Amino acid sequence: MRCIFRTWLALGIWACMTGMASTAGAADADPFVDFVIPHEMAANSPLAFATEPIRNASDRLVVKDGHFYRGSRRERLWGVNLSFAANFPQKQDAAAVAERLAGAGVNAVRCHHMDSARWPRGIWNGQDGKTIEPEALERLDYFINELAARGIYVNLNLHVGREHSQYLGLPASNHNYDKMIGIFVPPLIEAQKQYARQLLDRVNPYRKLRYADDPAIGIVEITNEDSLFMWSADQTLRTLPDYYDKILQAQYNAWLQNQYGTTQRLRSVWAQGAQELGDTILSNGDFGRMDADRNRIDDWNLEQHEGSALAVARVTYQGKAALGIRIIKTNGTSWHLQINQGGLRIETGKFYTLSFEAAADTPRAMTASVGQAHEPWGNLGLSRQAALSPEWRTFRHGFAATAGDDNARVGFALGQEAAGVYLRNVAFRPGGRLGLTADESLDKHNVSLYGDSETPERTRDRMRFLAETEKAYFDGMRNFIQKDLGYAGLVTGTIVFGPLGLFAQRDMDFIDGHAYWQHPRFPNRPWDAGDWLIDQKAMSGYKDSATLFGLAAERLADKPYTVTEYNHPAPLDSQAECVPMIASFAAVQDWDGVWLYSYSHSNDSWGKQYFTSYFDIHANPGKWGFMRAGAAIFRQAAIEPLAGQRRIRMQSGSVDRARLARPSPERAEGANTLSHEYSLATLADLHLRYDQDMFAILAASGQLSRDDVLQNRLAGLLPDAGEAQDGPATGGAAATSISWPAEAGRGVYAARGPGGWVYTGNAGDFATVSGGAVIVRQPALAALTLTALDDKPLAASDTLLITACGRCENQAMEFSADRRTLGRNWGRPPVRIEAVEGTIALPKGKWRCQALAPDGQTKQDVALISDKSTIQHFDLSSRYGTMWYLARRVD
């Protein structure tokens, strides 16, 4: 509280306001008020952000000193995504869309999912989808011209959803959007280059420039959320269709040949760390003890969730005694039907092997896993899908335990399909690590990318190969775009997927990340609009699981960092915290760009008066209503960066430098540098231990806590980069502070800087955190910002914007009893906000305060009261029917 007191005293606005009478009287029975922000704002709105057109090469975005610059001026990008058809507004709409964006302070759009559909939802022609639709390009040309005229840069996404494999006549992949295979399959890479050429070589008739030469095309993004280390990569790469598997296997064997030269040398290195199998720690692994009449198996648990049921019996299948599992009914969710055995003790870092024989009536998948047999039911290192067929097959899955547990469980999830399953000889044993098998050799080119139970060296080599393959793809695409096509702007690859994904992005122009708080979950069928869940949790109350720290840990020192997708999806009760939190956190961490996902997915509903999706913000005042404040906070740095910094080098104590130097005459010149070997080996170990959790990696490498990130700018260093560095940062502000007291779902996030404040979360505690300057009587959850609109400190500002909102809902939304879903029942217009009832103290001086209408015009004076110290305060109230209040200095 001392720091807060000093801050307020310095501004001359400290006031003891507890017990101060409210001028608003009793709260209205209905706290919601209609608040439809129109497609076209009032021409004289004081909210309008001043714009500067993008005209020539001097306006091009460049990287300097680890940040984006426009000429000699630092340029932070405050943006939104445009998805699918929203990238192609009709000409009569394009200017108004661009004007609305610019007026809210947006200076960047991300053209996303252009390539994912046929016209009119996407860029490909509507007949056969093989060529680009001319009208799509004509509309895009015109729209880019309108955006550039208002100072808005374009981030042009190349590959998002296009399945080039389909149009090239290649086999279907086991993952949508050609993800992963597009990184290593030559015809797919060539198709991506051809599409890039078609776009970047195009001359925009309105700009009279090639896209490649246009400074308004500020960024080109190679591929969206795509990596050999992405969320499902391990399972996808293990089960590739034969055509793609052969390509990857051939590349791996060529890589191994280059690394080792001979099979003998490879066998010797991979033999290090081999372990014999120990005794099984499972009971009744042959299912000999069971009571089929009661549907019970000794020592095993049959887990059957609502809408799912199974029956077990001792059977003989194809001449072998086995457990027969008959699926009586399933809801399609894998873990809703499972058999598992708990009470197992495993140790952190120790290697275990799960083996079993399995078959099925018809081909189907079954997931084998090892995880906690108690809340929070976390995975402990193994989750592997087994492809079953009518023929018996032996499966062997090895893994190193990511954590120790005295009550772990082995489980088999069966609920995704209805085909019956047969299981026998289940064993779970310590040890079992294998190097090169007897029948594998470089001469035969048959060394498998994935072994059943690998030694550490074999695993490391696979991870190194995948990392170098991925980096070669991104570096090659960047060189093609910038050198072959002559593109003069910035190029990024994809978002960070763990330490090896970050390694692949290290030579891009900047590093990027995505995050969503409480992304909707689809328990049965992916993206089923009628069957989804969102947990009603405010991120303000859950600091320890908040998305922001993971994003901060993805930043690479001395590189610009952006977040090109972020959202707290509707219909979260706390969705209004989304924009204030990401804007202020990005500001204090000194990031370079933030894009909300998404402004819109369509081009025929710009004037929509209510929202009907989790992500679109253009008709959602709980998010769009905070964009102007967010522009002041982040783009104009009303809340300045923190004064301290932590630069942490990633390190792992399990990598021995001496064992890494293994020169081979067959290796390429310069490829065998110790620093490169050490860096990749370290990152591979970290990836295996922490997967994609970059915060855990930096925390382990540099004794980092979340509270450290609230006091210091954070950046990571790769193992072969410079030394770690803590201490004062360039350009920091001692007046900036950020606090986040949170416990058991109740918390307040508060960020304060010279030109702005942010408060989100449990509104009853705002008074305590703000030192009495912000008092909220209702609602229970709220987001509130105070920002200077004239780019001055609050104490010197002449124009202040107060933005405040609780929940945001449509009329007649039909929530479930627990408010976790509303299915397709999004209600009807007009959209409404839960007005905030409370009191705000203004900086010292004389002010005139007015409530603003949804179109940004002033509509009503708000009474001001001065206390004994001449501090003026005013009441926020639902009777004003607004989330925006404007205070102008009159002294």
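Scroll up to find the structure this text is about.
A few points on the structure. (Residues numbered from 1 in each chain as written. Predicted model: local features only at pLDDT ≥ 70, side-chain atom pairs only at ≥ 80, totals over all residues. Heavy atoms only, no water.)

## Some remarks on the overall build of the protein
Looking only at helices and strands, one finds 19 helices and 44 strands in the protein. Computed over its C-alpha atoms, the radius of gyration of the protein comes to 29 Å, within 12% of the 29 Å expected for a compact globule of 891 residues. For the protein, the residues scored as buried account for 60% of the 891 residues in total. Just so you have it, the protein exposes about 32600 Å², and 48% of that area is on carbon and sulfur atoms. (Helix = DSSP H or I, 4+ residues; strand = E, 2+ residues; numbered from the N terminus. Rg over C-alpha atoms; globule rule 2.2 N^0.38 Å. Buried < 20%, exposed > 50% of the residue type's maximum accessible area, 1.4 Å probe, protein only. Areas by Shrake-Rupley, 256 points an atom, 1.4 Å probe, with all protein chains shown as cover.)

## Details of the sheet that holds strand E6 (residues 108-112)
Here eight strands make up an open sheet; going across it, the order is E23-E10-E7-E6-E5-E26-E25-E24 and the pairing parallel. The sheet is open, and its two borders are formed by strand E23 (490-492) and strand E24 (511-516), each paired with just one other strand. Each neighbouring strand pair of the sheet contributes to a mean axis angle of 25 degrees, computed without reference to strand direction. Relative to E23, strand E10 (residues 219-223) runs parallel, the two being bridged by three bridges. Paired with Val220 across the strands is Val491, a residue of E23. Here helix H15 (residues 627-635) sits on the sheet and contacts strand E5 (77-83) and strand E26 (593-600); the angle it forms with E5, its principal contact strand, is near 135 degrees. (Pairing = 2+ DSSP bridges. Axes fitted to C-alpha atoms, helices over the stretch in contact; angles between N-to-C directions. Contact = heavy atoms within 4.5 Å.)

## Some words on the sheet that holds strand E17 (residues 351-360)
Pairing in this open sheet of five strands is antiparallel, and the strands run E14-E15-E22-E17-E20 from one edge to the other. In this open sheet, the two edge strands, each paired with only one partner strand, are strand E14 (309-317) and strand E20 (393-400). Within the sheet, the average angular offset between the axes of one strand and its neighbour, ignoring direction, is 30 degrees. Sheet analysis places E17 next to strand E22 (residues 421-430), joined by eight bridges and oriented antiparallel. Its bridge partner lying in E22, Glu357 is registered against Arg424.

## Description of helix H3 (residues 134-149)
End to end, H3 covers 23 Å across 16 residues, agreeing with the expected 22 Å (1.5 Å per residue, within 8%). Of all the positions in H3, only Ala136, Leu137, Arg139, Leu140, Asp141, Phe143, Ile144, Asn145, Glu146, Leu147 and Ala148 are classed as buried. If you follow the buried residues of H3, they end up packed against E5, helix H2 (91-103), E6, strand E7 (153-159), helix H6 (186-200) and strand E8 (203-204). Where H3 terminates, the next one or two residues include Gly151, which has phi positive at roughly 75 degrees. (Expected span 1.5 Å × (residues − 1).)

## Focus: the side chain of Ser600
Structurally, the position occupied by Ser600 is in strand E26. On the basis of relative accessible area, Ser600 is assigned to the buried category, the value being 1%. Not counting the four nearest positions on each side in its chain, Ser600 is found in contact with Asn81, Leu82, Ser83, Ala86, Trp606, Asp616 and His618.

## Quick look at the packing of aromatic side chains
Applying the stated rule across the entire model yields 44 aromatic pairs. With centroids separated by 5.2 Å and ring planes inclined at 20 degrees, the aromatic side chains of Phe356 and Phe395 adopt a geometry described as stacked. Highlighted residues: Phe356 in strand E17 and Phe395 in strand E20, separated in sequence by 39 residues. Exposure remark for Phe356: the relative accessible area of 1% places this residue in the buried category. Overall, Phe395 belongs to the buried group, its relative accessible area being 4%. Residues Tyr614 and Phe615 carry aromatic rings whose centres are separated by 5.6 Å and whose planes lie at 65 degrees to one another, so their mutual orientation is edge-to-face. (Phe/Tyr/Trp six-rings, centres within 6.5 Å; stacked < 30°, edge-to-face > 60°.)

## A word on unusual backbone geometry
With an omega of 5 degrees, the peptide bond running from Glu375 to Pro376 counts as cis. Mapped onto the elements of the fold, Pro376 is located in the loop between strand E18 (364-372) and strand E19 (379-388). The peptide bond linking Tyr597 to Ser598 adopts the cis configuration, its omega dihedral lying at -5 degrees. Turning to its location among the elements, Ser598 is positioned in strand E26. Even without being glycine, Asp65 reaches a positive phi, approximately 55 degrees. On the basis of relative accessible area, Asp65 is assigned to the exposed category, the value being 66%. Positive phi values are uncommon outside glycine, yet Tyr177 reaches one of about 65 degrees.

## Considerations on helix H13 (residues 578-589)
Taking 1.5 Å per residue as the helical rise, H13 with its twelve residues ought to reach 16 Å, and the 17 Å between its terminal C-alpha atoms agrees with that figure. Of all twelve residues in H13, twelve are buried; the element is thus mostly enclosed. Buried within H13 are the following residues: Cys578, Val579, Pro580, Met581, Ile582, Ala583, Ser584, Phe585, Ala586, Ala587, Val588 and Gln589. Immediately beyond the C-terminal end of H13, within one or two residues, lies Asp590, with a positive phi of roughly 65 degrees.

## Description of the pattern of salt bridges
Between side chains of opposite charge, pairing is possible as soon as their charged atoms come close. Inspection of the entire model under this criterion finds 59 salt bridges. Glu303 is paired through a salt bridge with Arg409; the nearest N and O atoms lie 3.2 Å apart. Of the two residues, Glu303 sits in strand E13 (residues 301-304) while Arg409 sits in strand E21 (residues 405-413), which places them 106 residues apart along the sequence. By relative accessible area, which is 15% here, Arg409 ends up buried. The partner of Glu457 in a salt bridge is Arg460, and the shortest N-O contact between them spans 3.0 Å. With a gap of three residues between them, Glu457 and Arg460 both fall in helix H10 (residues 456-484), about one helical turn apart. For Arg460, a relative accessible area of 9% translates into the label buried. (Salt bridge = Lys/Arg side-chain N within 4 Å of Asp/Glu carboxyl O.)

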